[in-house]
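Chain residues, written in single-letter form:
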Amino acid sequence: MSVQVLLVAGARPNYMKVAPIYWAVRENRALPLRLELLHTGQHYDESMSGSFFRDLDLPEPSINLGVGSGSHAAQTAKVMTGFEQVLLEKRPHVVVVVGDVNSTAACALVTAKIQLDGVGRLGRPLLVHVEAGLRSRDRRMPEEVNRVVTDAISDALFTTCRDATPNLIAEGIPEERIRFVGNPMIDSLRRTLAAAEGSTLLDDLGLRGRAFGLCTLHRPSNVDVPEILEMLLDALAEIAADVPVVLPLHPRTRQRIEQFGLGERVAVLRRPVRQAPRRGIVGLEPLSYVEMLQALRATQFVLTDSGGIQEETTALGVPCVTLRENTERPVTVLEGTNVLAPLERRAIPAALDDARRKVAGGVRIPELWDGRAGERIATALAELVEG
Ligand code: UD1
């Protein structure tokens, strides 16, 4: 019997987590799995979605719920009603959700509560969460709420690092549901690095072979408050006094920069540029995945409030300052290249010095960030249903 698996992606940081699962099933025909890809449409712009599917060699998802943007409640509700219809129609044996975005929690809630007579031993699909057990312990973060909710109701919890297990056990999750599989984002990173070399980004910016830094900012807590966004841009300008700092702009960040009258601080360059920037903040449209990897590999340092980039910099040995007071990915601080910066102007350049010193002193790639997490997940999925 082949097991029907519905694999859910919703937003930009999800794609590089679903891709390795998709590849592993596609490349191992002996596995008794039939996999279907669903996109909730939480992210929908070409630059936030379509380009990633191509870069990651993923097919167009066969189902797209087309939910788009909205308040947290409206977006979550739209995903839930759309996803319920899909489950009623498709009756999959397993639903796999990844990460911590609104789409993750919404699809998890629907899967855990639906009644589908005759489907599996629970009368509903098994719910699997990939990247379970990460905790920032900051419930002001919508992603933390999504993580806690999703983990609490998942039947199987696949983790990317050892510290996730005690986090889950402390919340009452039975240990037998937890499985340490490694980090699928690193599978995507490794597999796509060669293609990234072919990207035109660095040539377009005149930065090939030159020193530069890279920054990403999109978290509402950083960009929705004018004083904080201004302080971050000030700190960035100080760092960019010596070396150009490339700042690809998430749609939210770009909107806020304009809305708060900070547009003069960040010129958004059109590619290719006539003259290579020698210093200053270099605003750009969002980068595709291969462009981002090319930039990450060549940059001297990164400043970010992203979750995934903390992991990618650790895997690549690039000094990283995380512009947040906490992280759900402490392994990147304890073993990797990451340093947290308090949200104060002076603390940020100091944190960058710390991160550079840390990398010079030697760092480690965390356990099972080895490019084979997708294979382990696919095997575990097959065992789950057989067992
Ligand atoms: C979401 C995730 C966040 C992740 C981020 C990566 C949640 C709670 N948050 O945040 O964890 O780090 O994605 O990007 O799910 N927009 C567009 N085009 C798009 C998508 C969004 O212009 O294709 C704009 C819209 O103005 C929208 C805003 O971005 O209102 C925010 O999008 P949304 O999906 O609500 O959250 P993100 O901030 O992207």
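See the structure above.
Residues numbered from 1 in each chain as written. Predicted model: local features only at pLDDT ≥ 70, side-chain atom pairs only at ≥ 80, totals over all residues. Heavy atoms only, no water.

Engineer: What is the right way to read the layout of surface pockets from this model?
Structural biologist: A probe as big as a water molecule, rolled over the atoms, marks out the empty space that is left. When its volume is computed, the largest pocket comes out at roughly 1200 Å³. What lines the largest pocket is a set of 50 residues, and nearest its centre among them are Pro 13, His 43, Met 48, His 218 and His 250. For the lining of the largest pocket, the elements supplying multiple residues, two or more each, are helix H1 (12-27), helix H2 (46-55), helix H3 (72-90), helix H5 (142-153), helix H11 (251-259), helix H12 (289-298) and helix H13 (308-316). Of the residues that make up the lining of the largest pocket, three or more belong to each of domain 1 (3-182 + 370-386) and domain 2 (199-361). Roughly 280 Å³ of volume is contained in the second largest pocket. (1 Å grid on protein atoms, 1.4 Å probe; cavity = no way out; pocket = protein on both sides within 12 Å on 5 of 7 lines; lining within 4 Å. Points joined across faces, edges and corners; volume = space filled by probe spheres on them. Helix = DSSP H or I, 4+ residues; strand = E, 2+ residues; numbered from the N terminus. Domains from an automatic or database assignment.)

Engineer: What am I meant to see in the pairing of strand E5 (residues 126-130) here?
Structural biologist: On any regular strand, side chains alternate: one points to one face of the sheet, the next to the other face. In terms of burial, E5 is a largely internal element, five of the five residues being buried. Burial of E5 is two-sided: the residues Leu 126, Val 128 and Val 130 facing one way and the residues Leu 127 and His 129 facing the other way are all buried. As judged from the five bridges shared by strand E4 (residues 94-98) and E5, these two strands associate in the parallel manner. The partner of Val 98 across the bridge, within E5, is Val 130. Examined bridge by bridge, E5 and strand E6 (residues 156-159) share three bridges and lie parallel to one another. Its bridge partner being in E6, Val 130 is matched across the sheet by Phe 158. Taken together, E5, H5 and E6 constitute a β-α-β crossover, and its handedness is right-handed. (Buried < 20%, exposed > 50% of the residue type's maximum accessible area, 1.4 Å probe, protein only. Pairing = 2+ DSSP bridges. Right-handed = clockwise from strand over helix to strand, strands pointing away.)

Engineer: Could you clarify how one ought to interpret the sheet that holds strand E12 (residues 301-304) in this entry?
Structural biologist: Note: strands within a sheet are paired through backbone hydrogen bonds, in either parallel or antiparallel orientation. Overall, parallel pairing links the seven strands, which are arranged E10-E11-E9-E8-E12-E13-E14 in an open sheet. One side of each edge strand has no neighbouring strand; the edge strands of this open sheet are strand E10 (267-268) and strand E14 (338-340). Judged from the two bridges that link them, strand E8 (residues 213-216) and strand E9 (residues 245-248) form a sheet pairing that is parallel. Bridging across to E9, Leu 214 finds its partner in Val 246. Against the sheet, helix H15 (residues 347-361) engages E12, strand E13 (320-322) and E14, with an angle of about 155° to E14. (Contact = heavy atoms within 4.5 Å. Axes fitted to C-alpha atoms, helices over the stretch in contact; angles between N-to-C directions.)

Engineer: Would you take a moment to explain the side chain of Thr 322 for this structure?
Structural biologist: Structurally, the position occupied by Thr 322 is in strand E13. Residue classification places Thr 322 among the buried residues on the basis of a relative accessible area of 0%. At 2.7 Å, the side chain of Thr 322 and the side chain of Asn 338 are in polar contact. Here Thr 322 is in contact with Thr 304, Gln 310, Asn 338, Val 339, Leu 340 and Ala 341, once residues within four sequence places are set aside. (Polar contact = N/O pair within 3.5 Å; in protein donor to acceptor, adjacent residues only side chain to side chain.)

Engineer: Where do I start with the site of the ligand in this structure?
Structural biologist: Neighbouring residues of the ligand: 19 residues in total, closest His 43, Asp 45, Glu 143, His 218 and His 250. In the model, an oxygen atom of the ligand is placed 2.8 Å from a nitrogen or oxygen of the Tyr 44 main chain. Between the ligand and the protein, one listed contact pairs an oxygen atom with a side-chain N or O atom of Glu 143 at 2.6 Å. Among the detected pockets, the ligand sits in the largest pocket. For the shell around the ligand, the elements supplying multiple residues, two or more each, are H1, H3 and H11. When residues of the shell around the ligand are assigned to their parent elements, the largest contribution, three residues, is made by H11. Broken down by class, the residue content of the shell around the ligand amounts to five nonpolar, nine polar and five charged. There are two domains that each give the shell around the ligand at least three residues, and those are domain 1 (3-182 + 370-386) and domain 2 (199-361). (Near = heavy atom within 4 Å. Sits in = over half its atoms within 2 Å of the grid points. Nonpolar A, V, L, I, M, F, W, Y, C, P; charged D, E, K, R; others polar.)

Engineer: Mind showing me how you'd approach the pairing of E6 here?
Structural biologist: Along E6, one buried face is formed by Ala 156 and Phe 158 and the opposite face, lined by Leu 157 and Thr 159, is buried too. Strand direction decides the pairing type here: E6 and strand E7 (residues 178-180), joined by three bridges, are parallel. The residue bridging Leu 157 from the neighbouring strand is Ile 178, located in E7. Note that the unit made of E6, helix H6 (residues 164-170) and E7 has a crossover that is right-handed.

Engineer: Is there a simple way to explain the nonpolar core in this structure?
Structural biologist: Considering soluble globular proteins, one finds that nonpolar side chains tend to be buried as a cluster. Ranked by internal contacts, the top residues of the largest apolar core, which has 65 residues, are Val 96, Phe 158 and Leu 381. At nine residues, H1 tops the list of elements feeding residues into this core. Counting the residues that make up this core, at least three belong to each of domain 1 (3-182 + 370-386) and domain 2 (199-361). Aside from chain neighbours lying at most four places away, what touches Phe 158 is Val 128, His 129, Val 130, Glu 131, Ala 132, Arg 179, Val 181, Ile 377, Ala 380, Leu 381 and Leu 384. Counting residues in each nonpolar core, the second largest holds 29 residues, with Leu 229, Leu 232, Val 243 and Leu 247 among its members. (Core = buried A, V, L, I, M, F, W, Y, C linked by side-chain atoms within 4.5 Å.)

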